[in-house]
Amino acid sequence: MKIDGTHYRSIWFDASDHSVKIIDQTRLPHFFDVLSLTCLDDVCHAIRTMQVRGAPLIGAAAAFGLYLSVKEGNLPPEEAGKLLLATRPTAVNLQWAIARMLDRISEESNSEAKNRTALATAQAICEEDVSNCTSIGLHGVGLVKEIAKAKAGPVNILTHCNAGWLATVDRGTAMAPVYQAWEEGIEVHVWVDETRPRNQGASITAWELGKQAIPHTVISDNTGGHLMQSGQVDLCLVGSDRTTYRGNVCNKIGTYLKALAACDNDVPFYVAVSVSSIDWDSDEIPIEERHSGEITSIQGLNSQGILDTVRLTPEGSAALNYAFDITPSRLVSGLITEKGIFSADEPGLARLRGLLNTD
Ligand code: MRU
């Protein structure tokens, strides 16, 4: 996406110094810092601390982490894969990317070939992600167009967390249909859930929509139900960190409550998901539990223009910080994928899988 006239991906390989560049998402929206990752440890740190986050981007970062590890030559690739896998448990893209990288690297017999193949595979994962997100946008825009035809004024879309450009390599999953609609001249307006505790909506989604000049309004996480009851939401669009073969959707904590409110108010609730975020083997989803400090404190820009963290809760109050929840398939109107829109159930996903097998 473009930032002040310059096109950026959220991750890229810099051939001039053989490093991997990322945008430090812990500093947005106040500071736009590009970081250089030069070794496996840098990548593990970036994923764990959420300098990079969002399921497809985590997968792409892990792929580059394996490349950097192969280049370093200190660790067997399988061991590097285990370290990467331990950084965050929920997004299945991490597993998917590591398995694909290990598979390709194991086909090569000498270190030079392993190095070359690792870089080429990581880059291919990035290119595919961009193309998948573009296709998700093209399939999803039809839903926005249908609503636009039937009403006057903008199509009001509610989203949770950040499933935009910065959660992927480019373009986004849930935000891809929004970008596509906007580029086709369809009037849209996005309700952006702030997404406590880490505020990916308020800090990242709002920032990237603003940079594309897309009308949006940040709302507290508790507002969506009221907006839906009062007819102010036409469509909910969210991403997913892991969708199971049964159509159950794991996404940022709070997504389930939005799906319940959408169901109660007949608001369509669609999940935009790349095939790399689908778990074809299991319906069990490990839910990440993060540090309670993310609940008891909040980060923002202080009056001196410095990023600061302040305490919200009384000293001594316990806090519980689950990072994701599961929206049952029955609450999902459909899955927007790079292959089209599918029902969120076993037959729908089996049909999608069948299409993949014929590619
Ligand atoms: O904890 P995060 O910020 O990595 O969680 C991200 C999400 O929950 C996104 O909605 C998800 O990855 C969408 S996929 C583009």
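Relevant structure appears above.
First, a word on what this report is: a plain description of the structure on this page. (Residues numbered from 1 in each chain as written. Predicted model: local features only at pLDDT ≥ 70, side-chain atom pairs only at ≥ 80, totals over all residues. Heavy atoms only, no water.)

**A closer look at empty space enclosed by the protein**
Working step 1: Scanning the model with the defined rule gives two cavities of 30 Å³ or more in all.
Working step 2: Looking at the largest cavity, its volume works out to about 190 Å³.
Working step 3: If you go around the largest cavity, you meet 25 residues; those closest to its centre are Gly54, Ala55, Asn162, Asp241 and Asn251.
Working step 4: At the level of elements, helix 2 (55-72) and strand 11 (249-252) are the ones that each hand at least two residues to the lining of the largest cavity.
Working step 5: Counting residues per element, the lining of the largest cavity draws most heavily on helix 2, which supplies three residues.
Working step 6: Three or more residues apiece are contributed to the lining of the largest cavity by two domains, here domain 1 (2-128) and domain 2 (131-358).
Working step 7: As for the second largest cavity, its lining consists of Thr195, Arg196, Pro197, Arg198, Gln200, Lys252, Arg290, Glu294, Asn321 and Ala323.
Working step 8: Partitioned by chemical class, the residues of the lining of the second largest cavity number two nonpolar, three polar and five charged. (1 Å grid on protein atoms, 1.4 Å probe; cavity = no way out; pocket = protein on both sides within 12 Å on 5 of 7 lines; lining within 4 Å. Points joined across faces, edges and corners; volume = space filled by probe spheres on them. Helix = DSSP H or I, 4+ residues; strand = E, 2+ residues; numbered from the N terminus. Domains from an automatic or database assignment. Nonpolar A, V, L, I, M, F, W, Y, C, P; charged D, E, K, R; others polar.)

**Details of the packing of aromatic side chains**
Working step 1: Taken as a whole and judged by the stated rule, the model has five aromatic pairs.
Working step 2: For the pair Phe13 and Tyr67, a centre-to-centre distance of 5.7 Å together with 85° between the ring planes defines the contact as edge-to-face. Placement of the pair is Phe13 in strand 3 (residues 11-14) and Tyr67 in helix 2, with a sequence separation of 54 residues. Like Tyr67, Phe13 is buried.
Working step 3: Aromatic side chains Trp165 and Trp207 sit 6.1 Å apart centroid to centroid with 25° between the ring planes, which places their arrangement in the stacked category. A residue pair is termed long-range when its members are at least 10 positions apart, and Trp165 in the loop between strand 6 (155-159) and helix 6 (176-183) and Trp207 in helix 7 (residues 200-211) qualify at 42 residues. Across this residue pair, the class does not change: Trp165 and Trp207 are buried. (Phe/Tyr/Trp six-rings, centres within 6.5 Å; stacked < 30°, edge-to-face > 60°. Buried < 20%, exposed > 50% of the residue type's maximum accessible area, 1.4 Å probe, protein only.)

**Digging into the site of the ligand**
Working step 1: Near the ligand lie 19 residues; those nearest to it are Arg53, Arg88, Asp241, Asn251 and Lys252.
Working step 2: The contact in question runs from an oxygen atom of the ligand to an N or O atom on the backbone of Gly54, over 2.9 Å.
Working step 3: Within the complex, 100% of the 420 Å² of free accessible area of the ligand lies under protein.
Working step 4: Put simply, the parts of the chain that give the shell around the ligand at least two residues each are helix 2 and strand 11.
Working step 5: For the shell around the ligand, a count of residues per class yields seven nonpolar, eight polar and four charged. (Near = heavy atom within 4 Å. Polar contact = N/O pair within 3.5 Å; in protein donor to acceptor, adjacent residues only side chain to side chain. Areas by Shrake-Rupley, 256 points an atom, 1.4 Å probe, with all protein chains shown as cover.)

**Overview of the sheet that holds strand 16 (residues 324-327)**
Working step 1: Strands sit in the order 13-10-11-16 across an open sheet of four strands; the sheet is mixed. A strand with exactly one partner marks an edge of an open sheet, and here the two such strands are strand 13 (278-279) and strand 16.
Working step 2: Sitting on the sheet, helix 9 (residues 255-264) touches strand 11 and strand 16, and the angle it makes with strand 16 is about 30°. (Pairing = 2+ DSSP bridges. Contact = heavy atoms within 4.5 Å. Axes fitted to C-alpha atoms, helices over the stretch in contact; angles between N-to-C directions.)

**Here's the deal with the environment of Val43**
Working step 1: Mapped onto the elements, Val43 comes out in helix 1 (residues 40-48).
Working step 2: Taking C-alpha positions, Val43 is 28 Å from Gly5, a pair spaced 38 residues apart along the chain.
Working step 3: When residues no more than four places from it in sequence are discounted, the contact partners of Val43 are Leu37, Ala61, Ala62, Gly65, Leu68 and Leu84.

**Side note on the sheet that holds strand 3**
Working step 1: Strand order in the open sheet formed by three strands is 3-4-5, and the pairing between neighbours is antiparallel. The sheet terminates laterally at strand 3 and strand 5 (34-37), the two strands that pair on one side only. Taking the axes of each pair of neighbouring strands and ignoring which way they run, one obtains an average angle of 30° across the sheet.
Working step 2: The sheet contact formed by strand 4 (residues 19-23) and strand 5 spans four bridges and is antiparallel. Looking at strand 5, one finds that Val20 is bridged to Leu37.
Working step 3: Across the sheet, helix 2 touches strand 3, strand 4 and strand 5, and the angle it forms with strand 3 is around 25°.

**Some thoughts on the pattern of salt bridges**
Working step 1: Counted under the stated rule, the structure contains 22 salt bridges.
Working step 2: Where Lys21 meets Asp14, a salt bridge forms, and the shortest distance between an N and an O atom there is 2.9 Å. A single burial state applies to Lys21 and to Asp14, both of which are buried.
Working step 3: The shortest N-O distance in the salt bridge between Arg104 and Glu107 comes to 2.1 Å. (Salt bridge = Lys/Arg side-chain N within 4 Å of Asp/Glu carboxyl O.)

**Structural notes on the environment of Ala63**
Working step 1: Assignment of secondary structure puts Ala63 in helix 2.
Working step 2: Separated by 39 residues in sequence, Ala63 and Leu102 place their C-alpha atoms 9.3 Å apart.
Working step 3: Beyond its immediate chain neighbours, meaning those up to four positions away, Ala63 contacts Met101, Ala122 and Ile125.

No statement about biological role is implied by the geometric values presented.
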